[in-house]
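# Reading the structure
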Amino acid sequence: MKIQILGTGCPKCKKLAENAEAAAKALQLDYELEKITDINQITAFGVMMTPALAVDGVVKLVGKTSSVDELKAVLAGGAGK
């Protein structure tokens with residue numbers, strides 16, 4: 001599973017990355033965390049607000065920093081792909 005954090009590196013982006021990694025570890029997922037900071041790559045996902053989270057190239061969350069529990073639900077839903 002590829003977890004992608006879309007954002008310029010702001011504090012909210014960093015928090016989303018931390019929470020996503022904590023959620024993936026809690027679920028014992030085999031994952032790769034990628035931080036995408038290039039604005040052209042971010043907009044290529046159709047994202048206009050950061051931070052955003054994509055799982056295997058599919059945008060799941062936009063414009064908010066979710067809790068570890070919220071992210072566990074998102075990642076568990078994407079585990080079958």
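Provided above is the structure to which this section pertains.
Numbers given for residues are sequential positions, taken from 1 along each chain in its written order. Totals for whole chains, interfaces and linings use every residue, but because this is a predicted model, local features are given only for residues with pLDDT of at least 70 and side-chain atom pairs only at 80 or more, for both listing and counting. Side-chain numbers come from the whole structure's heavy atoms, not from hydrogens or water.

A count of helical and extended segments in the chain gives 3 helices and 4 strands. The secondary structure elements of the chain, listed N-terminal to C-terminal, are β-α-β-α-β-β-α. Throughout, the radius of gyration refers to the C-alpha atoms, and the reference size of a globule is 2.2 Å times the residue count to the power 0.38. In terms of overall dimensions, the chain is globule-like: its C-alpha atoms have a radius of gyration of 11 Å, near the 12 Å expected for 81 residues. Counting only C-alpha atoms, the chain reaches 30 × 25 × 15 Å along its principal axes. Every one of the 81 residues in the chain was classed for burial, and the buried ones make up 31%. By sequence separation, contacts in the chain at least 24 residues apart represent 65% of the contacts at least 6 residues apart. Shrake-Rupley sampling with a 1.4 Å probe provides the accessible areas, and residues are treated as covered by the protein chains on show and by no other component. About 4500 Å² of surface is accessible on the chain, with carbon and sulfur atoms providing 50% of the total. A run of H or I in DSSP counts as a helix once it spans at least four residues, and a run of E counts as a strand once it spans at least two, with each numbered from the N terminus. Each residue is placed in one exposure class: buried if its accessible area under a 1.4 Å probe, protein chains only, is under 20% of its type's maximum, exposed if it is over 50%, and partly exposed if it falls in between. Whether two residues are in contact is decided by their heavy atoms: any pair within 4.5 Å suffices.

One can find Leu33 in strand β2 (residues 32-36). Here Leu33 falls in the partly exposed class, since its relative accessible area comes to 25%. For the pair Leu33 and Ile3, spaced 30 residues apart in sequence, the C-alpha separation works out to 4.9 Å. Not counting chain neighbours up to four residues away, the residues in contact with Leu33 comprise Ile3, Ile5, Ala17 and Glu21.

At the junction of Thr50 and Pro51, the peptide bond is cis and its omega measures out at 0° in the coordinates. Positive phi values are uncommon outside glycine, yet Gln28 reaches one of about 55°. Residue Gln28 is classed as exposed on the basis of its relative accessible area, which comes to 72%.

Of the two faces of strand β3 (residues 52-55), both are covered, the one formed by Ala52 and Ala54 as well as the one formed by Leu53 and Val55. By definition, two strands form a pair when at least two bridges between them are found by DSSP. Sheet topology note: the strand β1 (residues 2-6)/β3 ladder contains 4 bridges and is antiparallel. Each bridged residue has a counterpart across the sheet, and for Leu6 the counterpart in β3 is Ala52. The pairing of β3 with strand β4 (residues 58-62) spans 4 bridges and is antiparallel. Each bridged residue has a counterpart across the sheet, and for Val55 the counterpart in β4 is Val58. Here β3 folds back onto β4 in antiparallel fashion, the turn holding 2 residues, of which Asp56 has a positive phi close to 50°.

Scope: geometric values only; no functional claims are made or implied.
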